[in-house]
Amino acid sequence: MMETLFENLTSGSMVFLIRQTLIYAVPLMVVALAGVYAERSGVINLALEGIMIFGAFIGVLFVRLVQQWGWFDAAKAAGDWVSLQGFMLMTMAVAALLGAIFSLLLAFAAINLRADQTVGGTALNLLAPALVLFLIRLIANQNTLQMATGDSASWFMIKKSMFGYGRTDEVGFLFDTFVNKVYLATYVCILVFIILSILLYKTRFGLRLRACGEHPQAAATLGINVIGVKYLACMICGALAGMGGAYLTTCYSSTYTDGIVAGRGFIALAAVIFGRWSAGGILLACLFFGFCDALQIRLQVSGIDIPYQFFQMIPYVATVIVLSAIGTKQAGPKANGQPYRREQR
């Protein structure tokens, strides 16, 4: 069995593992950064899972609507692949916008009502799947929502044929890994991750935001609008989580089904702790968790005589092990989770 495992992990699988690692790591990266934005401002956002669920629904719904308008078929008939990629980016932008709006529920409860943030986040995690299922029942009269025609790969995947190569033509390792059979959204999300990381750690705005999470009263004495910064941080958090959810239904799947997010919002929270609330740390953490997810997919088709459920456990077992090893040794922002009161000093 070990010989079979070794052969399946080394014979022609490196390209697959790298591609799949990126596919699974990228949504974790943007959602983990969402958690960092919220917690650095002093708001614990346990609702990342729920916002991802809402974003995944919005992603497939927007694609479905645009397909029904006939825009997709017209672009594909004309060979206009740029427009198709533009539609995908529009989908993620819409999901980000509505994710930001959805996150205002938590922001209002945590900032204005000073409600327990853990309870508020849990409430949104319960609300999101129920609300989405209700809307799907109204739209499609069933429990799942899928694209009107085709799938993610047929509409959005970048293939070597778009660059003039034939289906049987050989290409280099780097081209095959990072250009062939990938999605533009992967690199757009990476770019967003880089830009927002720089914004958080290298700009005056980021310094003010982090000050609100460490000592909001001191920040207020310096003229910083603490409530406004917390609201903005929650909206950025919601936008990133919504984008991460839409990524799942435009690059990973073509259908919204109950359980499509599969706990990735909580894995992203684990990545925040593992990464010590820093951009570089969560990047490494998400690549690790993404690799675990890609590995379990590869093992499922490897022919090893083990029930596939054991392979599906790998990412979650890895999460538990990581949190058990370092979770109690890390401390987040000092005012994280504490309600802000202007009168308090």
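Residues numbered from 1 in each chain as written. Predicted model: local features only at pLDDT ≥ 70, side-chain atom pairs only at ≥ 80, totals over all residues. Heavy atoms only, no water.

## Remarks on empty space enclosed by the protein
Where we set the bar: The distinction between a cavity and a pocket rests on a 1 Å grid over the protein atoms alone: a 1.4 Å probe fits inside a cavity but cannot get out, while a pocket stays open yet meets protein on both sides within 12 Å along at least five of seven lines, and a residue with an atom within 4 Å of a point counts as lining. Grid points are joined across faces, edges and corners, and a volume is the space filled by probe spheres set on the points. Secondary structure is summarised from DSSP: a helix means a run of H or I of at least four residues, a strand means a run of E of at least two, and numbering begins at the N terminus for each. Residues are grouped as follows: Ala, Val, Leu, Ile, Met, Phe, Trp, Tyr, Cys and Pro are nonpolar; Asp, Glu, Lys and Arg are charged; every other residue, Gly included, is polar.
Tallying each qualifying case throughout the model produces two cavities of 30 Å³ or more. Put simply, the largest cavity is a space of about 40 Å³. When contributions to the lining of the largest cavity are tallied by element, the ones reaching two or more residues are α2 (14-40) and β3 (182-183). Here the lining of the largest cavity gets three residues from one element, more than from any other, and that element is α2. A per-class count over the lining of the largest cavity returns four nonpolar, one polar and two charged. The computed volume of the second largest cavity comes to approximately 30 Å³. For the second largest cavity, the full set of lining residues is Gly42, Val43, Ala110, Ile111, Gln117, Lys230, Gln338 and Tyr340.

## Focus: the layout of surface pockets
In this structure, the largest pocket encloses a volume near 230 Å³. Lining the largest pocket we find 14 residues, and of these Leu46, Phe266, Leu269, Ala270 and Ile273 sit closest to its centre. Put simply, the parts of the chain that give the lining of the largest pocket at least two residues each are α13 (264-274) and α16 (314-326). Of all the elements, α13 adds the most residues to the lining of the largest pocket, at six residues. Of the voids in this model, the second largest pocket is the one considered here, and its volume is about 170 Å³. What lines the second largest pocket is a set of 13 residues, and nearest its centre among them are Tyr252, Ala262, Arg264, Gln296 and Tyr316. Breaking the lining of the second largest pocket down by element, the ones donating at least two residues are α14 (279-300) and α16. For the lining of the second largest pocket, the element with the highest residue contribution is α14, accounting for four residues.

## Some thoughts on unusual backbone geometry
Applicable threshold: Residue burial is assigned from relative accessible area. The probe radius is 1.4 Å, only protein chains are included, and a residue is buried under 20% of its type maximum, exposed over 50%, and partly exposed in between.
In this structure, Asn141 takes a positive phi of about 55° despite not being glycine. Examined against the element boundaries, Asn141 turns out to sit in the loop between α6 (117-140) and β1 (145-146). The backbone of Lys181 sits at a positive phi, close to 60°, despite the residue not being glycine. Among the secondary structure elements, Lys181 is positioned in the loop between α8 (173-178) and β3. Assessed through its relative accessible area of 45%, Lys181 is described here as partly exposed.

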